[in-house]
Amino acid sequence: NPARRRSRSRLLLRRLVHPGAIVLGSRNLQAFAGLAFLTERTGEILLSTTSLELGAQVDPSRTFTRVGFQASLGEAADLYNLQVGTGADLTAFATLRPWARLTLDLTAARRWLDVPRPEGGDGRLFTATVLRAKALVHFSSRAYLRLVGQWVGTTSDPALFPFPVDEEEGGLEASALFTYKINWQTALYLGYGDERALDASDELRRTSRQLFAKISYAFQR
């Protein structure tokens, strides 16, 4: 039906109004603050939220190459129950270079959302935490080692979900990748990966393990 197709094409899917201000300064200082007015369609329902957006980053020195944060505070959509709640999404990050051949990237993030309870009042739908660390070691211009570790954990209130969920979930991922460039055309890769998850007794159990080797060669025409 052409009329029905035209009607669907006029439906609002997503609208974002984001007024704010940006500040630039020395040492690559970048900071911003603003409001986000978001309207988004989920099925047949439009959810509208208002939140405060903040962020800043700066490059203080050669050792502390970069530090910064991002934050979103205020209303957020609860896509599980198709309603609006209140919460926050916070991220802090830093890049360190304690040694000329070593670079560390650190990230910590936490997000939570409070929603109305059926019996009245508000409850914490979930709290999610992410901790990530990456180390890059340059042994020479040809060889380097990358190490990555990441923890992701979530605490939820099963009574506030429309389907069964675990009260606590979490997982740890770790990987190592060694690279050696034989020449500009050829590189050797050796890697290892390990994944673990919380079991019913809240103990970390290995879920997978990987070990691989690869040789890459670039053909020249």
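Up top is the structure.
Residues numbered from 1 in each chain as written. Predicted model: local features only at pLDDT ≥ 70, side-chain atom pairs only at ≥ 80, totals over all residues. Heavy atoms only, no water.

Chemist: An account of the side chain of D194 is requested, with residue identities and associated values reported.
Modeler: Mapped onto the elements, D194 comes out in strand β11 (residues 186-198). For D194, a relative accessible area of 8% corresponds to the buried category. At 3.3 Å, the side chain of D194 forms a polar contact with the side chain of Y192. Residue contacts for D194: discarding those within four places in its chain leaves L172, E173, A174, R206, S208 and R209. (Helix = DSSP H or I, 4+ residues; strand = E, 2+ residues; numbered from the N terminus. Buried < 20%, exposed > 50% of the residue type's maximum accessible area, 1.4 Å probe, protein only. Polar contact = N/O pair within 3.5 Å; in protein donor to acceptor, adjacent residues only side chain to side chain. Contact = heavy atoms within 4.5 Å.)

Chemist: Could you give an account of the pattern of salt bridges, with specific residues and numbers?
Modeler: In this structure the tally under the stated criterion is eight salt bridges. In this structure, E40 and R14 form a salt bridge, with 3.5 Å as the shortest nitrogen-oxygen distance. Residue E40 is found in strand β3 (residues 29-42), and its partner R14 is found in strand β1 (residues 14-17); the two are separated by 26 residues along the sequence. Judged by relative accessible area, which is 33%, E40 ranks as partly exposed. (Salt bridge = Lys/Arg side-chain N within 4 Å of Asp/Glu carboxyl O.)

Chemist: Could you give an account of the environment of P98, naming the residues involved and the relevant values?
Modeler: Here P98 is to be found in strand β6 (residues 83-99). Judged by its relative accessible area of 53%, P98 is exposed. Residues P98 and R62, 36 residues apart in the sequence, show an inter-C-alpha distance of 8.5 Å. P98 has contacts with T63 and L104, leaving out every residue within four places of it along the chain.

Chemist: Describe the pairing of strand β5 (residues 64-78), listing the residues and the values that go with them.
Modeler: Note: strand β4 (residues 45-58) against β5, eight bridges, orientation antiparallel. Residue pairing across strands places L54 opposite A71, the latter belonging to β5. Counted between consecutive antiparallel strands, the loop separating β4 from β5 contains five residues. With 14 bridges joining them, β5 and β6 adopt antiparallel strand pairing. Its bridge partner lying in β6, A76 is registered against G85. (Pairing = 2+ DSSP bridges.)

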